[in-house]
Amino acid sequence: MIIDTHTHLYVEQFDEDRDQVVKRAIESGVEKMLLPNIDSSTIDRMMDLVHKYPKNCYPMLGLHPGNVNADFEIELKVIRERLNAVSNCIAIGEIGMDLYWDKTFVEQQKIAFREQIAWAKELDLPIVIHAREAFQEIFQILDELNDEQLSGVFHCFTGTEEEAKHIQEYGNFKLGIGGVVTYKKSELPEVLKTVPLEAIILETDSPYLPPVPYRGKRNESDYINLVADKLVDIYGVSRNEIEMVTTANAVELFQLTV
Ligand code: NI
């Protein structure tokens, strides 16, 4: 079994064939799909999918840094209320900082990130971190707020060897590895040679960042098998070992029952 630890299956790109996509994933061994939220407008669609596939789809709640704007306090309030009402939320996410597109709300992003880390500590849930052009800012906050209880994942990790090391030094944080690892120019395979398999979980981030040979197309959860295949090459271990270790890592981090 493989777990797709980060997939936005509830977004409109899947409106035409969502059930087939879920079915394809399950049939290819991807029995669990973890759904990270984006903002208050996506919660209902995410929860619809969770209710339809309670053994396969699990919700996370949070405000995506790319959606932090002038209204972020209202957004946080709405999401927090839903968090209090949802009994099966497995993580706070996705949260973090994104300075790639727009730096207008950098201070608001920091405040939202800190606030949601506080929720994670209060509720004893892991955090799912989106870090884009923002490792320095995120590390600054986590260096201050990390403790023995806090855990999580740097989703879609594409950083350097030093950044991978920094993350592992936090103690309870994993690297989420997806389609980027299959890209021809990616330096990730080299970086991963310095990262033990025990520090890695698998993800697609679908519908975004599809692995080779689907670049430019819509990504979906069953393509995670191509990511696992690539890790066989990088780590020089069996496909079974890749699945067993990364699935165990995800089960432990998100406290899933299998
Ligand atoms: Ni995402």
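Refer to the structure presented above.
First things first, this report covers the structure right here in the doc. (Residues numbered from 1 in each chain as written. Predicted model: local features only at pLDDT ≥ 70, side-chain atom pairs only at ≥ 80, totals over all residues. Heavy atoms only, no water.)

### Quick look at the coordination of the nickel ion
No. 1: Each protein donor to the nickel ion is listed here as His-6 (NE2), His-8 (NE2), Glu-94 (OE) and Asp-205 (OD); together their distances run 2.0 to 2.7 Å.
No. 2: Between the four donor atoms coordinating the nickel ion, the angles at the centre fall across 87 to 175°, so the site counts as irregular. (Donors = N, O, S within 2.8 Å, 3.2 Å for Na, K, Ca; no water. Tetrahedral: all angles 85-135°; square planar, octahedral: opposite > 155°, others 65-115°.)

### Section: the packing of aromatic side chains
No. 1: Enumeration over the complete set of coordinates arrives at nine aromatic pairs.
No. 2: Measuring from ring centre to ring centre gives 4.9 Å for Tyr-100 and Trp-101, while their planes differ by 85°; the resulting arrangement is edge-to-face.
No. 3: Owing to a relative accessible area of 41%, Tyr-100 belongs among the partly exposed residues under this scheme.
No. 4: Taking the centre distance of 6.1 Å and the plane angle of 65° together, the rings of Phe-154 and Phe-173 count as edge-to-face. With Phe-154 in strand S6 (residues 152-155) and Phe-173 in strand S7 (residues 173-177), this pair connects stretches of sequence that are 19 residues apart. Like Phe-154, the residue Phe-173 is buried in the burial classification. (Phe/Tyr/Trp six-rings, centres within 6.5 Å; stacked < 30°, edge-to-face > 60°. Buried < 20%, exposed > 50% of the residue type's maximum accessible area, 1.4 Å probe, protein only. Helix = DSSP H or I, 4+ residues; strand = E, 2+ residues; numbered from the N terminus.)

### Re unusual backbone geometry
No. 1: Cis peptide bonds are those with omega within 30 degrees of zero, and the linkage from Ser-206 to Pro-207 qualifies with 15°.
No. 2: Positionally, Pro-207 belongs in the loop between strand S8 (200-202) and helix H8 (224-235).
No. 3: In this structure, the amide linkage connecting Val-212 to the following residue, Pro-213, adopts the cis form with an omega of 10°.
No. 4: Along the polypeptide, Pro-213 turns up in the loop between S8 and H8.
No. 5: Of note in the backbone geometry, Asp-205 takes a positive phi value of approximately 60° without being a glycine.
No. 6: Summarising the element assignment, Asp-205 is placed in the loop between S8 and H8.
No. 7: Despite not being glycine, Leu-209 has its phi angle at roughly 50°, a positive value.
No. 8: If you trace the backbone, Leu-209 turns up in the loop between S8 and H8.

### Here's the deal with the packing of helix H4 (residues 106-123) against helix H5 (residues 135-145)
If you want to describe how two helices pack, look at the angle between their axes and the distance between the axes.
No. 1: For the pair H4 and H5, interaxial distance at closest approach is 11 Å and the crossing angle is 35°. Judged by the twist between their axes, the crossing of H4 over H5 is right-handed. Contacts between H4 and H5 involve Lys-110, Phe-113, Arg-114, Ile-117 and Lys-121 on the former and, on the latter, Glu-137, Ile-138, Ile-141, Leu-142, Glu-144 and Leu-145.
No. 2: Partitioned by chemical class, the residues of the contact of H4 with H5 number six nonpolar, no polar and five charged. (Axes fitted to C-alpha atoms, helices over the stretch in contact; angles between N-to-C directions. Left-handed = near helix turned anticlockwise from the far one by under 90°. Contact = heavy atoms within 4.5 Å. Nonpolar A, V, L, I, M, F, W, Y, C, P; charged D, E, K, R; others polar.)

### Describing H8
No. 1: The first and last C-alpha atoms of H8 sit 16 Å apart over twelve residues, in line with the 16 Å expected at 1.5 Å per residue.
No. 2: For H8, the complete set of buried residues consists of Ile-224, Asn-225, Val-227, Ala-228, Leu-231 and Ile-234.
No. 3: Those residues of H8 that are buried are in contact with strand S1 (2-4), strand S2 (30-35), S7, helix H7 (188-192), S8 and helix H9 (239-254).
No. 4: Backbone geometry just downstream of H8 places Gly-236 in the positive-phi region, at approximately 60°. (Expected span 1.5 Å × (residues − 1).)

### Digging into the sheet that holds strand S3 (residues 57-61)
The strands making up a sheet associate through backbone hydrogen bonding, with each pair oriented either parallel or antiparallel.
No. 1: Pairing in this open sheet of eight strands is parallel, and the strands run S1-S2-S3-S4-S5-S6-S7-S8 from one edge to the other. Looking along the sheet, the strands with just one partner apiece sit at the ends: S1 and S8. Averaged over neighbouring strand pairs, the angle between their axes works out to 30° when direction is ignored.
No. 2: Bridge count between strand S4 (residues 91-98) and strand S5 (residues 127-132): five bridges; the pairing is parallel. What sits directly across from Gly-96, in S5, is His-130.
No. 3: Lying over the sheet, helix H2 (residues 43-52) contacts S2 and S3, oriented at roughly 155° with respect to S3. (Pairing = 2+ DSSP bridges.)

### Digging into the state of the cysteines
No. 1: The final tally for this structure, using the stated rule, is zero disulfides.
No. 2: Unpaired in terms of disulfides, Cys-89 finds its nearest cysteine sulfur in Cys-57, a separation of 14 Å.
No. 3: Residue classification places Cys-89 among the buried positions, given a relative accessible area of 11%. (Disulfide = S-S within 2.5 Å.)

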